[in-house]
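Listed below are the residues making up each chain.
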Amino acid sequence: MAGAKSGLKAAGYKLATYRSSEGPRAGLIVGEEVFDAAKLTGKPAYASVIGILEDWKTAEAALNKAAAGAAKSRGKRQPLKKTKLLAPVRFPSAIYCAGANYADHAAEMAAREGRPPPPDPHTLGLKAWHFLKASRAITDPGAPVKISDYAKQMDWEIELVAVIGKVAKHVPESKALSYVAGYTVGNDLSSRDRGRRAGVPDTSPFKWDWTKHKSFDGSCPLGPWIVPASAIGDPQKLGLKLWVNGAIKQESNTSGMIFTLAEQIAELSAGMTLYPGDLIMTGTPAGVGAGRGEFLKAGDVVKLWIEKIGEIENRMT
């Protein structure tokens, strides 16, 4: 199975999108086998992961039941190791990306510019803030990411990604996690040399170009699957690691977030409606290339791993 490895303890199922002769299809991964979600459940609307998420209140129970009986079913299956997995969500209405959401990362970026570490935003009465990535920036596990003709300072950022499973508006922090269907792994690739507009004063509010910095083609490797929230438990207790060519660059834990996922959902949903399939990239810890003075080049392989979820890797070209 190109671009992803299982290596997980037994769970009911993982939700994926796989390549089939009929095009991209939603699949249930049970053990080391992949079942077509629509065919296994008998629900045609479950042919896509978005279709499943739009019916999550009912789908969660249906998928659990289907997964429990998958081994004895007569449904067609295929080995996971021979299945091409695609990015699990194709394509959400929005990808929200938390900015500067780990204190150690905020400190390393401040040090890069000769500034002291910023204070905890909570002490200043500030809320979580997000920028957007284009949904078509999503990239499959194992897919090449073309960078050589775009940026000379291409950076990596491992992030826990929450997948919304219910329409969310004005959600209180205490109930926010109940709106999450599951979790996956994301890489917020960032072209550092494209982030500032040349010829615009540093003091100008129009200095930053977040589109070229964060939302170029291939800038959101995602996958390899979605692990249901019920199998993850507390999203603030997950280990994260990122390697470049086998060398560890980022190693942290989601407990290091400044604003928890619940805080992020509450703040986002206060100003806009979140829809099933929307993604929240929850921020990255220290160890990015900009803080080291290192950047990706053609041929580099970036591998990401998050505890209880799995890993993905992509080669830069």
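(A) Structural view of the pattern of salt bridges. Under the defined criterion, the tally for this structure stands at 18 salt bridges. Among the ionic pairs, Glu 113 bridges to Arg 115, the shortest N-O distance being 3.3 Å. Lys 214 serves as the salt-bridge partner of Glu 157, at 3.2 Å between the closest nitrogen and oxygen. Placement of Glu 157 in the loop between strand S10 (154-155) and strand S11 (158-164) and of Lys 214 in helix H5 (residues 210-214) is noted, with a sequence separation of 57 residues between them. Its relative accessible area of 4% is what places Lys 214 among the buried residues. It is possible to trace a salt-bridge network through shared partners that takes in Lys 133, Asp 155, Glu 157, Asp 188, Arg 192 and Lys 214.

(B) Summary view of the packing of aromatic side chains. Counted by the stated rule, this structure contains five aromatic pairs. Look at Trp 129 and Phe 131: their rings are 6.4 Å apart centre to centre, the planes differ by 50 degrees, and that puts the pair in the tilted class. Judged by its relative accessible area of 42%, Trp 129 is partly exposed. Here the aromatic rings of Trp 129 and Trp 210 are separated by 5.9 Å at their centres, their planes lie at 75 degrees, and the arrangement is edge-to-face. Of this pair, Trp 129 sits in the loop between helix H4 (103-112) and strand S8 (130-133) while Trp 210 sits in helix H5, and the two are 81 residues apart along the sequence. A relative accessible area of 34% means that Trp 210 is categorised as partly exposed. Taking NZ or CZ as reference, Arg 194 lies 4.3 Å from the ring centre of Tyr 150, over its face.

(C) Seen up close, the environment of Asp 217. The topology assignment puts Asp 217 in the loop between H5 and strand S14 (220-228). For Asp 217, a relative accessible area of 68% corresponds to the exposed category. Each C-alpha atom of the pair Asp 217 and Thr 139 lies 8.3 Å from the other, and the pair is 78 residues apart in sequence.

(D) Seen up close, the nonpolar core. If you look at the biggest cluster of nonpolar residues, it comprises 49 residues, and the most contacted ones within it are Tyr 183, Ile 265, Leu 296 and Ile 309. Of all the elements in the fold, those that place two or more residues in this core are strand S2 (14-20), S11, strand S12 (180-187), S14, helix H6 (229-232), strand S15 (239-244), helix H7 (261-271) and strand S18 (301-306). Listed in part, the 37 residues of the second largest apolar core include Leu 28, Val 30, Trp 56 and Ile 95.

(E) Structural context of the pairing of S12. Of all eight residues in S12, eight are buried; the element is thus mostly enclosed. Strand direction decides the pairing type here: S12 and S14, joined by four bridges, are antiparallel. The residue bridging Tyr 183 from the neighbouring strand is Val 227, located in S14.

(F) Summary view of the pairing of strand S19 (residues 310-315). Alignment of S18 against S19, held across six bridges, turns out to be antiparallel. For Leu 304, the partnering residue across the bridge sits in S19 and is Ile 312. Connecting the antiparallel pair S18 and S19 is a turn made up of three residues, with Lys 308 showing a positive phi of about 70 degrees.

(G) Representation of the state of the cysteines in the model. The full count for this structure, using the stated rule, is zero disulfides. With no disulfide of its own, Cys 97 has Cys 220 as its nearest cysteine by sulfur position, at a separation of 6.5 Å. With a relative accessible area of 0%, Cys 97 lands in the buried category. The class for Cys 220 is buried, based on a relative accessible area of 0%.

What counts and what doesn't
- Per chain, residue numbering runs from 1 following the sequence as it is written.
- Residues qualify for local features only when their pLDDT is at least 70, as the model is predicted, and side-chain atom pairs are given and counted only at 80 or more; totals for whole chains, interfaces and linings, by contrast, use all residues.
- Note that water and hydrogens are dropped before the side-chain values are worked out from all heavy atoms of the structure.
- The salt bridge definition used is simple: a Lys or Arg side-chain nitrogen within 4 Å of an Asp or Glu carboxyl oxygen.
- Counting from the N terminus, the helices are DSSP H or I runs at least four residues long and the strands are E runs at least two residues long.
- Remark: exposure states derive from per-residue accessible area (1.4 Å probe, protein chains only) relative to the maximum for the residue type, with buried under 20%, exposed over 50%, and partly exposed in between.
- Two rings from Phe, Tyr or Trp (for Trp, the six-membered ring) form a pair when their centres are within 6.5 Å of each other. A pair whose planes differ by under 30 degrees is stacked, one over 60 is edge-to-face, and the rest are tilted.
- Only lysine NZ and arginine CZ atoms are considered, and such an atom sits over a ring when it is within 6 Å of the ring centre and within 35 degrees of the ring normal.
- Residues belong to one nonpolar core when they are buried, are Ala, Val, Leu, Ile, Met, Phe, Trp, Tyr or Cys, and are joined through side-chain atoms within 4.5 Å.
- Two strands pair under a simple rule: DSSP has to find at least two bridges between them.
- The rule for a disulfide is simple: a pair of cysteine sulfur atoms within 2.5 Å.

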